[in-house]
Amino acid sequence: MTAVDLKPLVLAVADTVAAHADELTALDQAIGDGDHGLNMKRGFDAVRAEADALAGKPLPDALKAIGTRLVMTVGGASGPLFGTLFLTLGKELPANPDRAALAAALGKAMEAVAARGKSQTGQKTMLDVLVPVQLALAAGKHGAEIVAVADAAAQSTTPMQAIRGRASFLGERSVGHMDPGARSTALIVRALADAMGGRA
Amino acid sequence: MKSNVGIVIVSHSPKVAEGTADMVRQMVGDEVPLAWCGGNPEGGLGTSVEAIMNAIDQAWSEAGVAILVDLGGAETNSEMAIEMIGEPRAGRIVICNAPIVEGAVMAATEASGGAALKDVVATAHELSPA
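The structure displayed is predicted, hence computed values, not measured ones.

**As for unusual backbone geometry**
- A cis amide bond links Glu87(B) with the next residue in sequence, Pro88(B), at an omega value of 5°.
- By the secondary structure assignment, Pro88(B) is in the loop between helix 3 (72-85) and strand 4 (93-96).
- The phi dihedral of Lys118(A) falls on the positive side, at around 50°, and the residue is not glycine.
- Along the chain, the position of Lys118(A) falls in the loop between helix 7 (99-117) and helix 8 (127-138).
- On the basis of relative accessibility, which here comes to 45%, the residue Lys118(A) falls in the partly exposed class.
- Unlike most non-glycine residues, Lys124(A) shows phi in positive territory, near 65°.

Below, the structure written as structure tokens:
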């Protein structure tokens, strides 16, 4: 397997987050403080600005650098949460991972995100997308199938009541809105799968 | 002065953080190392890991630092900041489970008497229902 060409992936994710920033903000305005879109855009714009430098690094180092950049620039809880996701992937992945290594590393990253957010699935968070995506990956599913799993998982947060984060203050009123973090996670999965094309 | 436990105030709002720090200063003067931060990296409402790390540096005491936070993101970002600071200092930085204003004033008052970090934190925790 050849080394991952990171730059197009970084650009694809940053473009997707920027293109959907208003939508994410609107989702967050419904059940949170309404800063998710702007925060994610700020974070991934900062990552995009380093795309060339990132592409020159071994994959684990690049992922850790992305995680650190998100932690430092996002400015909300999403920073440590998405930051921890990338930091852990960087810690767990070999330089040239195969599908099994990716599934295993995503498993660890998912656990790290759960610990960081003191959360678990079913609580209307990004974990409700990460967990099924990891299972799909581990089960050998490919690009379009994984994207479908991620989209359905994000949709599945709509009827959930939030137990964590600002949305939990709304109690039952959080029901009926898609979780912004679940949506942004699904968007990132789609951007990665699209950018990888047939290799996803 | 630097032998007393330091206090760091982390709010989503710089105004809340600064106002809380003013109330702490009124109570303990310069007897306690104190720093505050508020706002995201662009200055809007939110919190910044980098600003929290700087505030911890500023209020650092060998006796440790107690952090008071307002809402979830402030706590998550503070936890991240502590992790990035790393050991050996990380073990002497504690986030208090307490209302930010009352917690900061109570914790600082306890700290000004030379109390250990665990007692400063316990004083703030007493404000939260178990």
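**Topic: the pairing of strand 4 of chain B**
All names here are of chain B.
- Inspection of the sheet shows strand 3 (residues 65-69) paired to strand 4 by 4 bridges, in the parallel sense. If you follow Leu68 over to strand 4, its bridge partner there is Cys96.
- Note that the unit made of strand 3, helix 3 and strand 4 has a crossover that is right-handed.

**With respect to the state of the cysteines**
Residue and element names in this part refer to chain B.
- For the structure on display, the rule yields 0 disulfides over all chains.
- With no disulfide partner, Cys37 has as its closest neighbouring cysteine sulfur the one in Cys96, 14 Å distant.
- The buried category is assigned to Cys37, whose relative accessible area is 8%.
- For Cys96, a relative accessible area of 3% puts it in the buried group.

**A word on the side chain of Lys124(A)**
Residue and element names in this part refer to chain A.
- Topologically, Lys124 is positioned in the loop between helix 7 and helix 8.
- A distance of 2.9 Å separates a polar side-chain atom of Lys124 from the backbone oxygen of Met160.
- Among all residues touching Lys124, those that are not within four sequence positions of it are Ile31, Thr157, Thr158, Met160, Gln161, Ala162, Ser174, Val175, Gly176, His177 and Asp179.

**Some details on the interface of chain A and chain B**
- On the chain B side, the residues contacting the 18 residues of chain A number 19 residues.
- Each partner contributes to the roughly 1400 Å² buried at the junction of chain A and chain B, and carbon and sulfur atoms together form 56% of this total.
- In this assembly, chain A and chain B are joined by 6 residue pairs in polar contact (both at pLDDT 80 or more).
- Of all elements in the fold, only helix 3 (36-49), helix 5 (59-73) and helix 6 (78-92) of chain A reach the threshold of two or more residues within the side of chain A that touches chain B.
- With 4 residues, helix 5 of chain A is the largest single contributor of residues to the side of chain A that touches chain B.
- Of the residues assigned to the side of chain A that touches chain B, the class counts are 7 nonpolar, 6 polar and 5 charged.

**Structural notes on the pairing of strand 2 (residues 34-38) of chain B**
All names here are of chain B.
- By the bridge criterion, 5 bridges tie strand 1 (residues 6-11) to strand 2 in an arrangement that is parallel. Following the sheet pairing, Val10 is matched in strand 2 by Cys37.
- Each parallel crossover has a hand, and for strand 1 linked through helix 1 (residues 14-28) to strand 2 it is right-handed.

**Describing the pattern of salt bridges**
- Enumeration over the complete set of coordinates arrives at 15 salt bridges over all chains.
- Taking the shortest distance from any N to any O, the salt bridge between Arg166(A) and Asp33(A) comes out at 3.1 Å. In this pair, Arg166(A) is assigned in the loop between helix 9 (143-156) and helix 10 (180-196) and Asp33(A) in the loop between helix 2 (21-31) and helix 3, connecting sequence segments 133 residues apart.
- Residue Glu83(B) is joined to Arg116(A) by a salt bridge in which the shortest nitrogen-to-oxygen separation is 2.7 Å.

**Side note on helix 1 (residues 6-19) of chain A**
Residue and element names in this part refer to chain A.
- The end-to-end C-alpha separation of helix 1 is 20 Å, in line with the 20 Å expected for 14 residues at 1.5 Å each.
- Along helix 1, the residues that are buried comprise Leu6, Leu9, Val10, Ala12, Val13, Ala14, Thr16 and Val17.
- Where helix 1 is buried, its residues contact helix 2, helix 3, helix 4 (51-55), helix 5 and helix 10.

**Brief notes about the side chain of Thr47(B)**
- Looking at the secondary structure, you find Thr47(B) in the loop between strand 2 and helix 2 (49-58).
- Owing to a relative accessible area of 2%, Thr47(B) belongs among the buried residues under this scheme.
- With residues near it in sequence (within four places) discarded, Thr47(B) still touches Gly75(A), Gly76(A), Val10(B), Ser11(B), His12(B), Gly39(B), Asn40(B), Pro41(B), Ile52(B), Gly73(B), Ala74(B) and Asn77(B).

Each value, and the rule that gives it
Residues numbered from 1 in each chain as written. Chains lettered and ligands numbered in written order. Predicted model: local features only at pLDDT ≥ 70, side-chain atom pairs only at ≥ 80, totals over all residues. Heavy atoms only, no water. Helix = DSSP H or I, 4+ residues; strand = E, 2+ residues; numbered from the N terminus. Buried < 20%, exposed > 50% of the residue type's maximum accessible area, 1.4 Å probe, protein only. Pairing = 2+ DSSP bridges. Right-handed = clockwise from strand over helix to strand, strands pointing away. Disulfide = S-S within 2.5 Å. Polar contact = N/O pair within 3.5 Å; in protein donor to acceptor, adjacent residues only side chain to side chain. Contact = heavy atoms within 4.5 Å. Buried area = accessible area lost by both parts, 1.4 Å probe. Nonpolar A, V, L, I, M, F, W, Y, C, P; charged D, E, K, R; others polar. Salt bridge = Lys/Arg side-chain N within 4 Å of Asp/Glu carboxyl O. Expected span 1.5 Å × (residues − 1).

So far we have only geometry, and geometry alone does not tell us how the molecule works.
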